[in-house]
Amino acid sequence: ELHGWAWSSNIGWVGFNCADATDAMGVSACDSANYKVLFDDASGSLTGEAWSSSIGWIRFNPSDTPPFAPTTPARVNMVAGPTFGAVTGWMRACSVYDNPSSCSGLLESNTARGGWDGWIKMSGTNHTSPNLTGGGGVTYDAADNKFIGFAWGGDVVGWLRFCAANETDFCVTVSSLPPDLDVTAGPSVKSGSLVAGSAVTFQGTVTNIGGSTAGGTFANRFLIDLDSSTFVTADVIRGGDSITALA
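Residues numbered from 1 in each chain as written. Predicted model: local features only at pLDDT ≥ 70, side-chain atom pairs only at ≥ 80, totals over all residues. Heavy atoms only, no water.

Draft legend 1. Highlighting the confidence of the model for the protein chain. Here the protein chain averages 81 in pLDDT, and 70% of its residues register 70 or above. For residues 177-191, every residue scores under 50 in pLDDT, and the model assigns this stretch 30 contacts once sequence neighbours within four places are set aside. The model gives residues 233-247 a pLDDT under 50, and that stretch makes 53 contacts with residues more than four places away or in other chains. (pLDDT = per-residue confidence, 0-100. Contact = heavy atoms within 4.5 Å.)

Draft legend 2. Broad picture of the pairing of strand E9 (residues 90-93). Side chains of E9 alternate between two faces, with Trp-90 and Arg-92 and Met-91 and Ala-93 buried alike. Taken together, the two bridges between strand E6 (residues 56-59) and E9 define a ladder with antiparallel strand orientation. Residue pairing for E9: Ile-58 is matched across the bridge by Ala-93. Pairing of E9 with strand E12 (residues 119-121), which is carried by three bridges, proceeds in the antiparallel orientation. Looking across to E12, one finds that Trp-90 is bridged to Lys-121. (Buried < 20%, exposed > 50% of the residue type's maximum accessible area, 1.4 Å probe, protein only. Helix = DSSP H or I, 4+ residues; strand = E, 2+ residues; numbered from the N terminus. Pairing = 2+ DSSP bridges.)

Draft legend 3. Examining the state of the cysteines more closely. Applying the stated criterion across every chain, the model contains three disulfides. Through a disulfide, Cys-163 is tied to Cys-171; the S-S separation comes to 1.9 Å. Note on accessibility: Cys-163 and Cys-171 belong to one class, buried. Ordinal numbering of bonded cysteines along the protein chain defines a disulfide pattern of 1-2, 3-4, 5-6. (Disulfide = S-S within 2.5 Å.)

Draft legend 4. How the structure looks around the nonpolar core. Of all hydrophobic cores here, the largest spans 40 residues; its most connected members are Phe-16, Phe-147 and Phe-162. Those elements giving two or more residues to this core turn out to be strand E4 (37-39), strand E5 (46-52), E6, E9, strand E14 (146-152), strand E15 (159-163) and strand E16 (172-174). Every residue in contact with Phe-147, bar those within four places of it in the chain, is listed here: Leu-2, Phe-39, Leu-46, Val-76, Val-87, Val-138, Thr-139, Tyr-140, Phe-162, Cys-163, Val-172 and Val-174. (Core = buried A, V, L, I, M, F, W, Y, C linked by side-chain atoms within 4.5 Å.)

Draft legend 5. Expanded view of the environment of Phe-162. Within the fold, Phe-162 resides in strand E15. Since its relative accessible area comes to 2%, Phe-162 is described here as buried. Each C-alpha atom, one on Phe-162 and one on Ala-151, is 7.8 Å from the other, the two residues being eleven residues apart in sequence.

This is how it looks when you write it as structure tokens:
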């Protein structure tokens with residue numbers, strides 16, 4: 001799941017997880033609205049809702065068809081290669097519907113919406129992705145496990161900034177491990193030279209450091225440096241197994 005905040009000079013902060021927001025009395029926002037944005041790092045899908053105190057709910061997997069290509073909900077390309085980490089597609093503000101709480105129904109009148117259709121585009125011709133400088137479209141930075149760059153939300157939202165390349169505060173980050181899990185991995189390779197086309201086995205140990213069973217499914221992912229001492233996104237290789245529970 002995602003955590004943190006994105007910033008727009010038009011609408012202010014957009015929160016991606018209720019666990020990150022508390023009121024002046026220290027009460028969690030989750031007590032009144034249990035929202036979060038989920039990232040499936042196998043398929044690349046982004047689902048769920050973020051919250052803006054200015055425009056309300058923003059849904060990452062809207063049911064309506066976006067107005068321009070790519071006509072798909074927001075997603076991340078998780079296929080190794082030069083476009084790994086590219087974030088494409090759209091999210092939509094629920095305030096444009098006559099039933100914003102469920103993000104559904106008929107659109108409000110054009111007058112009520114101020115001419116805005118609520119669509120927010122993750123990347124495009126003038127903010128391309130992937131762009132690991134943080135100056136382009138929204139991009140998944142696997143090395144730092146965060147989302148950087150800008151989405152465009154028209155005149156109402158303007159540029160929605162996820163994070164800068166070297167920024168750590170108020171970024172949109174990925175919480176890849178559930179609580180009470182500790183993963184230790186020191187990949188081991190058979191001795192001898194690597195041969196093109198041959199299989200190589202990597203090992204990692206997953207242990208539960210908590211006192212209860214950890215449920216869910218946790219996909220393996222290895223970050224492997226190929227041919228250089230500097231990690232690049234093209235060096236990401238996915239594992240094939242998953243773990244469904246640890247007692």
